[in-house]
Amino acid sequence: MSETEPHEQENPHAEVVLQAARAMTKASLLVTPPAVVVCIALFSILNGLPGFLGSLVGGVLAMLASLSTLGLMKFSAGQDPMFVMVIALGGYVVKVVLLFGALTLLKGVTALHPMSLGITMIVAILLAAAAEFAAFRKTKIPTIIPS
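Parameters and conventions
Residues numbered from 1 in each chain as written. Predicted model: local features only at pLDDT ≥ 70, side-chain atom pairs only at ≥ 80, totals over all residues. Heavy atoms only, no water. UniProt positions renumbered as here; feature names shortened; annotations may be inferred. Helix = DSSP H or I, 4+ residues; strand = E, 2+ residues; numbered from the N terminus. Core = buried A, V, L, I, M, F, W, Y, C linked by side-chain atoms within 4.5 Å. Buried < 20%, exposed > 50% of the residue type's maximum accessible area, 1.4 Å probe, protein only. Contact = heavy atoms within 4.5 Å.

Where an unreviewed UniProt entry is consulted, the chain appears under the name ATP synthase protein I, with the organism given as Amycolatopsis balhimycina DSM 5908.

Right, dumping it as structure tokens:
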């Protein structure tokens with residue numbers, strides 16, 4: 001083998017996954033934080049300090065959950081496509097369990113307004129998912145359509 005030949009062949013799927021992850025992250029970060037700020041302001045006015053804290057915690061949890069999925073995409077981009085799917089599905093299960101655990105621990109905290117926390121999480125997660133979906137659809141990803 002000569003010095004100019006690569007020692008390892010690059011995974012052709014890696015750049016596609018990274019391209020999609022970059023577009024999805026950018027779209028999510030453009031839409032979700034402003035929505036969380038609006039929720040924080042709204043619930044602060046409606047419910048005072050507990051509304052502010054509940055909405056803040058809900059927004060942070062939702063954004064961490066959304067960005068963790070995109071981080072897993074970037075982490076697994078160079079892997080075999082089947083392994084990428086295993087990481088994605090495993091990451092989803094771990095994320096749901098961790099969110100359930102966090103919400104269970106926060107259930108008795110009286111400083112947080114539970115409805116503010118929940119509505120902010122729902123708004124942030126749905127908006128992030130919609131933005132990620134729209135960005136994924138706009139990303140030019142090469143596909144092979146068998147005839």
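What UniProt calls "transmembrane region" (unreviewed entry) maps, in this numbering, to residues 27-46, 52-70, 82-103 and 115-136. In this annotation, residues 27-46 is assigned 100% helix and 0% strand; the end-to-end C-alpha distance for the span is 29 Å. Secondary structure content for residues 82-103 is 100% helix and 0% strand, and the end C-alpha separation is 32 Å.

Another point: the nonpolar core. Val36, Ile40, Leu61, Ala62, Ala65, Leu99, Ala102, Leu112, Leu117, Met121 and Ala124 together form the largest nonpolar core, which totals eleven residues. Of all the secondary structure elements, the ones that give two or more residues to this core are α1 (12-76), α2 (81-106) and α3 (114-138). Considering each element in turn, this core owes the most residues, five residues, to α1. If sequence neighbours within four positions are ignored, Ile40 has contacts with Phe52, Ser55 and Leu56. Grouped together as the second largest cluster of nonpolar side chains are ten residues, Ala21, Leu70, Ala131 and Ala135 included.

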